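# Structural characterization, general
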Amino acid sequence: AGILHTGQGRGIACVDFNNDGKLDIFIANNGTGPTVYENESDNANHYLMIDLAGTGKNPDAIGARVTVISASGSQMQEVQLGTWYLSQGPQRLHFGLGEDNEVAAIEVIWPGPERATSRVENIAVDQVVEIEHP
């Protein structure tokens, strides 16, 4: 994959820094500056990124469960804190869609005692979708 890291990595984050739909890698090193690997692959697969806006004391929607449904099936991710060793993953969720060129639906189960839900249908791929708590 073109990644050769010999430093003392102490934390890692996989995030799309340049919003091109491909995940990049950021490594926090011990005793020196970070290492960044930009994903420059010729990957033509589709993706969907999702930003959630929670409410009240949980504006980042920590604990929300998001399911993306496309022709290939369904994928589920949760918005979490403390996802990696000595690091924090992005709040934005990234779904790889392969050759699927449309998302049939996004379903969100919001955290909280009421377990509110949201559903968005017929979404174009290769974009960021923002969903607010109902």
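This text follows the structure it describes.
Structural notes, computed from the coordinates. (Residues numbered from 1 in each chain as written. Predicted model: local features only at pLDDT ≥ 70, side-chain atom pairs only at ≥ 80, totals over all residues. Heavy atoms only, no water.)

## Looking at the environment of Glu107
Inspection of the secondary structure puts Glu107 in strand β8 (residues 102-109). Judged by relative accessible area, which is 30%, Glu107 ranks as partly exposed. Note: C-alpha distance between Glu107 and Val120 (13 residues apart in sequence) is 6.7 Å. Contact partners of Glu107, with chain neighbours within four places excluded, come to Arg65, Val66, Thr67, Ile69, Ser118 and Arg119. (Helix = DSSP H or I, 4+ residues; strand = E, 2+ residues; numbered from the N terminus. Buried < 20%, exposed > 50% of the residue type's maximum accessible area, 1.4 Å probe, protein only. Contact = heavy atoms within 4.5 Å.)

## Notes on the sheet that holds strand β5 (residues 65-70)
The sheet built from four strands is open, its strands ordered β6-β5-β8-β9 with antiparallel pairing. The open sheet terminates on both sides in strands that have one partner only, identified here as β6 (73-78) and β9 (117-124). Across the sheet, the mean angle separating the axes of adjacent strands is 15° when strand polarity is ignored. As paired strands, β8 and β9 are joined by seven bridges and run antiparallel to one another. When the bridges of β9 are listed, Ile106 appears paired with Val120. (Pairing = 2+ DSSP bridges. Axes fitted to C-alpha atoms, helices over the stretch in contact; angles between N-to-C directions.)

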